[in-house]
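# Examination of the molecular architecture
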Amino acid sequence: MSTPLASALPEGFSSPPVPQRKRHHKPDWLVAYLFLAPAAAIFAAFIAYPLADGIATAFTNRAIAKPGDYVGFTNFLALMSDEHFRRAAFDSLVLTVGTVSVKCVLGMACAVLLSQPMPMRGLMRALVFLPWAVPGLIAGLAWKWIFDEQAGILGSLAISLGLSDTPVYWLSDPTIAMFSIGAAMIWHGLPFFTMMFLAALTAIPSDLGEAAAIDGAGPLRRFWSVTLPQMREVIAVTVMLSTIWTFNSFHMVFILTGGGPSMRTHILPTLAYEYGIGQSQLGLGSAVIVSVIPVFVILIILLTRRMLRDSSK
């Protein structure tokens, strides 16, 4: 039923929509920052602040229970003429390059073997990955017992097999101690390489190897021309991560030798602890670590670029 008012309106006329109150939405960037705030607070409290304080301490003569004064580059100049620092830097480099290289080769060999059909392959994989699950402190204590000159199983085995007539000073002889530390590091870090390489191997399409086999390529040729190129990115990321972790490794050297004998087995992290805590020279100890920050910055930049490049493909 039409009303007089409706009949007076033009044909086709419709009333405008009722205005609604607009809802004010928060900008997307504000929501993102709200979600990132807890992580940013934790990062600032436990990473950014200690890092900034350590860098600032490196330019002072600060000691335990002593604020210290600004001394400029005095600590860094002292390190340049410090024999212990030069030896620790050299040993850190040799230990890192040597152990990472061995872990890379052995990890690849283990990954290739574990990718092949074999009885109890699941059990073999679990045994290979087991050292990675052992905490570093427990692993260091276990290897210290193995290398013990008096009651260690390794020394007793060498004597029983006739390889040595006297106890072998695995951790007390400076010429052998670094090899012993390297062996323990390889044992503890090998599962990471094996796990990463095994995951990369299983992700390679089997069609590529089958096509290469049809073309007459043997196993070594297929591995060198098909498998390795497909694993190039994984190998690079794994090696860079392991390099950072190994160079920063503190617990294994500290537990096995404590930097001895005569400070001959120190690496940079343990030397920083010795100067900062052992000798109460916090400024000098901080300078040891700050001096290698540029190296880690370069490695982190390279690692980040490679990971971002992989994610964009």
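A few points on the structure. (Residues numbered from 1 in each chain as written. Predicted model: local features only at pLDDT ≥ 70, side-chain atom pairs only at ≥ 80, totals over all residues. Heavy atoms only, no water.)

## Observations concerning the environment of Ser-286
Quick note on the threshold: The numbering of helices and of strands both runs from the N terminus, where a helix is a DSSP run of H or I of at least 4 residues and a strand a run of E of at least 2. We call two residues in contact whenever any of their non-hydrogen atoms come within 4.5 Å of each other.
Its place among the elements puts Ser-286 in helix H14 (residues 282-290). C-alpha separation for the pair Ser-286 and Leu-51, spaced 235 residues apart in sequence, amounts to 9.9 Å. When neighbours within four sequence positions are excluded, Ser-286 is seen to be in contact with Gly-54, Thr-57 and Ala-58.

## As for the nonpolar core
For clarity, the threshold we go by: Only buried residues count toward a nonpolar core. Its members are Ala, Val, Leu, Ile, Met, Phe, Trp, Tyr and Cys residues joined through side-chain atoms within 4.5 Å. Note on classification: 1.4 Å probe, protein chains only; a residue is buried when its accessible area is under 20% of the maximum for its type, exposed when over 50%, partly exposed between these limits.
Ranked by internal contacts, the top residues of the largest apolar core, which has 19 residues, are Ala-58, Phe-76, Leu-79, Phe-85, Leu-268, Tyr-275 and Val-288. The set of elements that each furnish at least two residues to this core consists of helix H3 (74-80), helix H4 (83-114), helix H11 (232-247), helix H13 (268-278), H14 and helix H15 (293-312). Ignoring anything within four residues of it in the chain, the contact list for Phe-85 reads Leu-79, Met-80, Leu-268, Leu-271, Val-288 and Ser-291. Of all hydrophobic cores here, the second largest spans 15 residues; its members include Ala-139, Val-168, Leu-171 and Ile-181.

## Details of unusual backbone geometry
Here the bond from Gly-260 into Pro-261 is cis, since omega is 0 degrees, no more than 30 degrees from zero. With respect to the element layout, Pro-261 can be found in the loop between helix H12 (251-256) and H13. Of note in the backbone geometry, Met-120 takes a positive phi value of approximately 55 degrees without being a glycine. Following the sequence through the fold, Met-120 ends up in the loop between H4 and helix H5 (121-133).

## Comments concerning the environment of Leu-93
Along the polypeptide, Leu-93 turns up in helix H4. Under the relative-accessibility criterion, Leu-93 is labelled partly exposed at 49%. C-alpha of Leu-93 to C-alpha of Ile-267: the two residues are 174 residues apart in sequence and 8.8 Å apart in space.

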